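Results of the structural survey
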Amino acid sequence: MLTRDYFTQDAVTLAQALIGVRLLVDGVGGIITETECYTADDPASHSFRGPTKRNAAMFGPQGHAYVYRIMGLHWCFNVVCGEQTGDGSAVLIRALEPTHGLEIMAQRRGTADPRRLCAGPGCLAQALGLTGEDDKRPLDEPPFLFKAREAVPEIMTGTRIGITKAADRPWRFGLRGSRFVSRPFR
């Protein structure tokens with residue numbers, strides 16, 4: 001099990017280190033296959049303009065969840081990180097390969113296609129049952145369980161999805177060869 005100290009890495013390093021890690025929420029989840037990172041000096045980051053009620057978790061202790069709604073519709077799940085508390089950095093978990101609780105995920109998502117269960121941050125949060133109630137929760141306590149990866153994976157790098165500011169930063173990371181990413185890497 002990964003402890004809170006694991007999340008004291010800078011966002012770019014942690015985003016890559018999380019590829020291949022097993023994430024379970026109340027026993028439901030799988031292997032992380034895609035991440036993106038955001039820092040306080042990144043114009044695309046929620047933390048760029050400083051702390052607000054919405055992004056307060058990003059300025060809190062590392063190893064906690066930052067869960068927010070996008071476009072008022074979908075929840076997105078991030079891991080707060082950084083070398084110091086208050087860095088305003090987080091890693092967005094974009095996709096995972098489902099391995100545990102597929103029936104529960106299918107029920108929550110309304111599809112049984114394993115590749116569509118957790119492909120994209122909104123789909124992933126829905127499949128794992130994450131909501132705003134999970135914002136600021138510690139990631140080394142239930143319902144969360146992060147298990148260390150079993151081998152060092154080959155990682156793909158690309159630009160982040162769905163942003164217009166700092167869109168050229170290669171801060172999207174994926175598990176090479178995985179069919180369980182939200183979109184192809186180019």
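For the structure itself, look to the data block above.
Computed from a predicted structure; not experimentally measured. (Residues numbered from 1 in each chain as written. Predicted model: local features only at pLDDT ≥ 70, side-chain atom pairs only at ≥ 80, totals over all residues. Heavy atoms only, no water.)

Looking at the packing of aromatic side chains
- Inspection of the entire model under this criterion finds four aromatic pairs.
- Ring centres of F77 and F144 lie 5.5 Å apart, and the angle between their planes is 10°; this geometry places the pair in the stacked category. Within this pair, whereas F77 is found in strand β4 (residues 74-81), its partner F144 is found in strand β6 (residues 144-147), the two being separated by 67 residues in sequence. For the pair F77 and F144, a shared accessibility class is recorded, and that class is buried.
- Feature note: the residues Y6, F7 and F146 constitute an aromatic cluster, connected by ring pairs.
- The ring of W171 carries the charged tip of R169 above its face, separated from the ring centre by 4.9 Å.
- Positioned over the ring face of F185 is R172, at 3.7 Å from the centre of the ring. (Phe/Tyr/Trp six-rings, centres within 6.5 Å; stacked < 30°, edge-to-face > 60°. Helix = DSSP H or I, 4+ residues; strand = E, 2+ residues; numbered from the N terminus. Buried < 20%, exposed > 50% of the residue type's maximum accessible area, 1.4 Å probe, protein only. Lys NZ or Arg CZ within 6 Å of the ring centre and 35° of its normal.)

So, unusual backbone geometry
- For the bond running from P142 to P143, omega is 15°, close enough to zero to count as cis.
- The topology assignment puts P143 in the loop between α4 (121-128) and β6.
- Here D26, not a glycine, exhibits a phi torsion of approximately 50°, which is positive.
- Within the secondary structure, D26 sits in the loop between β1 (22-25) and β2 (28-38).
- A positive phi angle is found at A166, which is not glycine, with a value near 55°.
- By secondary structure assignment, the location of A166 is in the loop between β7 (155-158) and β8 (172-175).
- Assessed through its relative accessible area of 18%, A166 is described here as buried.

Side note on the environment of A151
- Along the chain, A151 turns up in the loop between β6 and β7.
- Assessed through its relative accessible area of 55%, A151 is described here as exposed.
- Each C-alpha atom of the pair A151 and G27 lies 22 Å from the other, and the pair is 124 residues apart in sequence.

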